[in-house]
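Read off the chains here:
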Amino acid sequence: MLYTKKQVEIANRLVGVMDSKFFKSLGEPVRVEIIRFLLLNGRADIGTIAENMPQDRSVISRHLNLMSEVGILTCTKESRHMFYSLNANAFLERFTNITRLVETCLKECGPLCCK
């Protein structure tokens, strides 16, 4: 089957935003609990977050670092404390971009049954 240049470009853009590290970070139940905690409580330091989770502080720290790396959380240092908060705009923008690209890809590239 031959594809147009536009179809290949759209499919490549979609694959580019489907960052496995981002989705992996959302697939871990502890990370989902951290997101919920920050949504309900706002900005918090690792000690406060760890107090509210059953995992050890070191485990929570690794989860927070990964979530910061992929842009789900922001991290700011104040004195000796690191504070984490949900990076809401970036989080929403990422999902919006993925949704738009999936929609475009299905319209332009999808099988005939999707058109």
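Since the structure is predicted, the reported quantities are computational estimates derived from the model, not experimental observations.

A.B. asks: Would you take a moment to explain the pairing of strand β2 (residues 73-78) for this structure?
C.D. replies: Bridge analysis of β2 against strand β3 (residues 81-86) gives 6 bridges, and the strand direction is antiparallel. Residue K77 lies in a different strand from β3, and its bridge partner there is M82.

A.B. asks: For this particular structure, what's the right way to read the packing of aromatic side chains?
C.D. replies: Following the criterion strictly, the structure yields 4 aromatic pairs and no others. Judged by centre distance (5.3 Å) and plane angle (80 degrees), the rings of F22 and F23 are edge-to-face. The structure contains a cluster of three or more aromatic residues connected by ring pairs, namely F22, F23, F91 and F95. The ring of F83 carries R43 above its face, with NZ or CZ at 4.1 Å from the centroid. Positioned above the aromatic ring of F22, the side-chain terminus of R94 is 4.3 Å from the ring centre.

A.B. asks: I would appreciate a short explanation of the sheet that holds strand β1 (residues 44-45) in the present structure.
C.D. replies: Remark on secondary structure: sheet strands pair via backbone hydrogen bonds, oriented parallel or antiparallel. With antiparallel pairing, the 3 strands of this open sheet are ordered in space as β1-β3-β2. Both edges of this open sheet fall to β1 and β2, since each of them pairs with a single strand only. As defined by bridge partners, β1 adjoins β3 across 2 bridges and the pair is classed as antiparallel. Following the sheet pairing, A44 is matched in β3 by Y84. Helix α3 (residues 29-41) contacts β1, β2 and β3 of the sheet and is inclined by roughly 90 degrees relative to β3. Helix-sheet contacts for helix α5 (residues 57-69) involve β2 and β3, and the interaxial angle to β2 is about 115 degrees.

A.B. asks: Help me out: how do you make sense of a nonpolar patch on the surface in this one?
C.D. replies: Together, M18, F23 and F95 give the surface a local cluster of nonpolar side chains, amounting to about 240 Å² of exposed area. If you trace the backbone, F23 turns up in helix α2 (residues 20-27). F23 sits in the partly exposed class, given a relative accessible area of 31%.

A.B. asks: Looking at this structure, how should I read the nonpolar core?
C.D. replies: Within the largest apolar cluster, 20 residues are counted, with the highest numbers of intra-cluster contacts made by I34, L38, I49, I60, L64, I72 and L73. Residue assignment for this core shows that the elements contributing at least two residues are α3, α4 (46-51), α5 and β3. Here this core takes 5 residues from α3, the largest share from any one element.

What counts as what
- Residues numbered from 1 in each chain as written.
- Predicted model: local features only at pLDDT ≥ 70, side-chain atom pairs only at ≥ 80, totals over all residues.
- Heavy atoms only, no water.
- Pairing = 2+ DSSP bridges.
- Helix = DSSP H or I, 4+ residues; strand = E, 2+ residues; numbered from the N terminus.
- Phe/Tyr/Trp six-rings, centres within 6.5 Å; stacked < 30°, edge-to-face > 60°.
- Lys NZ or Arg CZ within 6 Å of the ring centre and 35° of its normal.
- Contact = heavy atoms within 4.5 Å.
- Axes fitted to C-alpha atoms, helices over the stretch in contact; angles between N-to-C directions.
- Patch = residues over 30% accessible without salt bridge, like charges linked within 9 Å, V, L, I, M, F, W, Y side chains within 5 Å.
- Areas by Shrake-Rupley, 256 points an atom, 1.4 Å probe, with all protein chains shown as cover.
- Salt bridge = Lys/Arg side-chain N within 4 Å of Asp/Glu carboxyl O.
- Buried < 20%, exposed > 50% of the residue type's maximum accessible area, 1.4 Å probe, protein only.
- Core = buried A, V, L, I, M, F, W, Y, C linked by side-chain atoms within 4.5 Å.

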